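The primary structure of each chain is shown beneath.
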Amino acid sequence: MTLFQKMISTSAPASVILIRLVVGAVFLTEGIQKFMFPSEVGAGRFAKIGIPSPDTMAPSSAVSKLFAVPLSCWAYSRGSPLSH
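Thresholds, definitions, all that
Residues numbered from 1 in each chain as written. Predicted model: local features only at pLDDT ≥ 70, side-chain atom pairs only at ≥ 80, totals over all residues. Heavy atoms only, no water. Helix = DSSP H or I, 4+ residues; strand = E, 2+ residues; numbered from the N terminus. Buried < 20%, exposed > 50% of the residue type's maximum accessible area, 1.4 Å probe, protein only. Areas by Shrake-Rupley, 256 points an atom, 1.4 Å probe, with all protein chains shown as cover. Contact = heavy atoms within 4.5 Å. Salt bridge = Lys/Arg side-chain N within 4 Å of Asp/Glu carboxyl O. Patch = residues over 30% accessible without salt bridge, like charges linked within 9 Å, V, L, I, M, F, W, Y side chains within 5 Å.

A.B. asks: So what's going on with the overall build of the protein chain? Residues and values would help.
C.D. replies: The number of helices and strands found in the protein chain is 5 helices and 0 strands. Along the chain direction, N to C, the helices and strands of the protein chain fall in the order α-α-α-α-α. Burial analysis of the protein chain (84 residues in total) assigns 19% to the buried set. Of the accessible surface of the protein chain, which amounts to about 6100 Å², a share of 72% is contributed by carbon and sulfur atoms.

Here it is in structure tokens:
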């Protein structure tokens, strides 16, 4: 069984799969938006709400969100206890 087949094979109910897809889509779009519109949702927003070093924190936040989606898929395929 390939990794892709392991990631899509599940005995979870359809509602759980739907929730996972929606959460993944939110993380993906938020991460992309932080790079596309840095003054509104990236470093500009971080500076406005008082987060220190916004020019460093915003890109690191975006990268972590972009890696969260494939990492959660990988953890789910490995049978991580956090994925159940």
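There's plenty left to go through after this.
A.B. asks: Give a detailed account of the environment of Leu21, specifying residues and quantitative values.
C.D. replies: The residue Leu21 is located in helix α2 (residues 14-36) in this model. With 48 residues separating them in the primary sequence, Leu21 and Val69 have C-alpha atoms 9.4 Å apart.

A.B. asks: Before we move on, can you summarise the environment of Phe35 with the specific residues and values?
C.D. replies: Considering the arrangement of structural elements, one finds Phe35 in helix α2. Sequence separation of Phe35 and Ala58 is 23 residues, and the distance between their C-alpha atoms is 8.6 Å. When sequence neighbours within four positions are dropped, the list of residues in contact with Phe35 reads Pro59, Ala62, Val63 and Leu66.

A.B. asks: Describe the side chain of Ser61, and please don't skip the residues or the numbers.
C.D. replies: Topologically, Ser61 is positioned in helix α5 (residues 54-77). Ser61 has contacts with Lys34 and Phe46, leaving out every residue within four places of it along the chain.

A.B. asks: Describe the pattern of salt bridges, with residues and values.
C.D. replies: Tallying each qualifying case throughout the model produces 2 salt bridges. Residue Lys65 pairs with Glu30 through a salt bridge whose shortest N-O separation is 3.6 Å. Pair noted here: Lys65 is in helix α5 and Glu30 is in helix α2, with a separation of 35 residues, a long-range link. The exposure class of Glu30 is partly exposed, given its relative accessible area of 25%. Each of Glu30, Lys34 and Lys65 takes part in one network of salt bridges that share partners.

A.B. asks: Break down a nonpolar patch on the surface for me, with residues and values.
C.D. replies: Together, Leu28, Ile32, Met36 and Phe37 make up a nonpolar patch on the protein surface, roughly 370 Å² of accessible area in all. Relative to the helices and strands, Phe37 resides in the loop between α2 and α3 (38-41). Of the residues examined, Phe37 reaches a relative accessible area of 42% and is grouped as partly exposed.

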